[in-house]
Amino acid sequence: MLKSSDLFHIPFYQKSPYTGSMNGMRFYIEKSEKDDTPVFLVWIFPGPYCFEKTDDSLKESKAFPFCEESIAKIADWLNSRLIP
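Here the structure is a predicted model, which is why all the values come from computation and not from measurement.

Caption draft 1: Quick peek at the overall build of the protein chain. Along the protein chain, the regular secondary structure elements total two helices and four strands. Listed N to C, the secondary structure of the protein chain is α-β-β-β-β-α in terms of helices and strands. Taken over C-alpha atoms, the radius of gyration comes to 12 Å for the protein chain, in line with the 12 Å a tight globule of 84 residues would show. Counting only C-alpha atoms and orienting by the principal axes, one finds that the protein chain spans roughly 30 × 25 × 20 Å. Counting only residues that meet the buried cut, the protein chain has 37% of its 84 residues in that class. In the protein chain, the proportion of contacts linking residues at least 24 apart, taken out of those at least 6 apart, comes to 38%. For the protein chain, the exposed area adds up to about 5500 Å²; of that, 52% sits on carbon and sulfur atoms. For the protein chain, the separation between the mean place of its 10 positive charges and that of its 12 negative charges on side chains is 4 Å.

Caption draft 2: Seen up close, the pattern of salt bridges. Summed over all chains, the structure comprises two salt bridges. A salt bridge links Lys 59 to Asp 56; its shortest N-O distance comes to 3.0 Å. By relative accessible area, Asp 56 is classed as exposed at 60%. In this structure, Arg 81 and Glu 60 form a salt bridge, with 2.8 Å as the shortest nitrogen-oxygen distance. Separated by 21 residues along the polypeptide, Arg 81 in helix α2 (residues 69-81) and Glu 60 in strand β4 (residues 60-65) bring together distant segments of the chain. Note on Arg 81: relative accessible area 35%, which makes it partly exposed. Exposure remark for Glu 60: the relative accessible area of 29% places this residue in the partly exposed category.

Cut-offs used in this document
- Residues numbered from 1 in each chain as written.
- Predicted model: local features only at pLDDT ≥ 70, side-chain atom pairs only at ≥ 80, totals over all residues.
- Heavy atoms only, no water.
- Helix = DSSP H or I, 4+ residues; strand = E, 2+ residues; numbered from the N terminus.
- Rg over C-alpha atoms; globule rule 2.2 N^0.38 Å.
- Buried < 20%, exposed > 50% of the residue type's maximum accessible area, 1.4 Å probe, protein only.
- Contact = heavy atoms within 4.5 Å.
- Areas by Shrake-Rupley, 256 points an atom, 1.4 Å probe, with all protein chains shown as cover.
- Lys, Arg positive; Asp, Glu negative; His and termini not counted.
- Charge placed at Lys NZ, Arg CZ, Asp CG, Glu CD.
- Salt bridge = Lys/Arg side-chain N within 4 Å of Asp/Glu carboxyl O.

Printed below as a string of structure tokens:
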């Protein structure tokens, strides 16, 4: 189970995306813009390939407001998508 403390804080995402995996599910988190508003874009996708080499049809994404409170929501969403 992923905890929000396992993810980085806002300053990290202002400079770089973050990738990780757990139980065969990979994820990719980045800062982006939606309607001129900063957001977190979070994708999940199956292994074994990296984000760029995985077919887009296998990816699922969700946007979250770009704020510190979203870190816990991202962790919760990632955990909810895990297949036990």
